[in-house]
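Summary of the model geometry
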Amino acid sequence: MEKAGLIVFVKTPLAGEVKTRLAADIGNEKALNVYWQLLELTKNIALQFDGAKMIWSNKDWAGQVNYWPKDSFEFYLQKGVDLGEKMSNALAFHFEEGFSKLMLIGSDCPEISISILNEAIKALDQHDLVIGPAKDGGYYLIAMKNVHKQLFTDMEWSHAQVLEQTILRADSNLLKYYLLPTLSDVDNVADLKLLSDESEASKS
């Protein structure tokens, strides 16, 4: 029987520790407010996913139990030296628990939707790997049926070549991959319009 899961990587919502590139332009407190909006959007989309939902945070923070309802989410702390090792460890942990399909997303993409998550899970029926390309050259989603550690080791993260390097590694390891629609992350002031657009759409 298929056992699908959604892993959400989040950061502790503290001023000066989230959206640092954005904070350089608008200040730490405003950047923190933006991150809270992104968390809320991500949580609402995740709640629509019909499968297990796991939150992996970079550290513990007060109020998280109330923010991520226990009846919908399991909470874990990220383990690893860099982002790649942390993602690989989280995926490996849940595959060892018996999951047959896993998706991993962050909390920076206001354009993500339940239809995107469902498309990713469906695509794994015919593919080894599913990637959601981000317009900044990275990816907002990665999904697989087994952990492929070679996609996460010795990678230069937060770089415009992350997606390209990931695809090259998939090709070299003969992994059949599927690309989702390209979406935007919120990384700078210009991206804030995306967040306001999504907020307005959710009200209508």
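What counts as what
- Residues numbered from 1 in each chain as written.
- Predicted model: local features only at pLDDT ≥ 70, side-chain atom pairs only at ≥ 80, totals over all residues.
- Heavy atoms only, no water.
- Helix = DSSP H or I, 4+ residues; strand = E, 2+ residues; numbered from the N terminus.
- Buried < 20%, exposed > 50% of the residue type's maximum accessible area, 1.4 Å probe, protein only.
- Polar contact = N/O pair within 3.5 Å; in protein donor to acceptor, adjacent residues only side chain to side chain.
- Contact = heavy atoms within 4.5 Å.
- Pairing = 2+ DSSP bridges.
- Salt bridge = Lys/Arg side-chain N within 4 Å of Asp/Glu carboxyl O.

**Thoughts on the side chain of Lys101**
Among the secondary structure elements, Lys101 is positioned in strand E4 (residues 101–105). Look at Lys101 and you get buried, because its relative accessible area is 6%. Of the polar contacts made by the side chain of Lys101, one reaches the side chain of Asp125; its length is 2.5 Å. Contact partners of Lys101, with chain neighbours within four places excluded, come to Glu2, Lys3, Ala4, Gly5, Phe95, Ile121, Leu124, Asp125, Met144 and Lys145.

**Structural notes on the pairing of strand E6 (residues 139–144)**
E6 sits mainly inside the fold: six of its six residues count as buried. Connecting the antiparallel pair strand E5 (residues 129–133) and E6 is a turn made up of five residues, with Gly137 showing a positive phi of about 100°.

**Concerning the pattern of salt bridges**
Applying the stated criterion to the full structure yields seven salt bridges. Measuring nitrogen to oxygen at the nearest pair gives 3.2 Å for the salt bridge that ties Lys59 to Glu17. In this pair, Lys59 sits in the loop between strand E2 (52–57) and helix H3 (64–67) while Glu17 sits in the loop between strand E1 (4–10) and helix H1 (20–26), placing the two residues 42 residues apart along the sequence. For Lys59, a relative accessible area of 35% corresponds to the partly exposed category. Judged by relative accessible area, which is 33%, Glu17 ranks as partly exposed. The shortest N-O distance in the salt bridge between Asp187 and Lys19 comes to 3.6 Å. Residue Asp187 is located in the loop between strand E7 (177–179) and helix H7 (192–203), and its partner Lys19 is located in the loop between E1 and H1; the two are separated by 168 residues in the primary sequence. Overall, the relative accessible area of 12% leaves Asp187 in the buried class.

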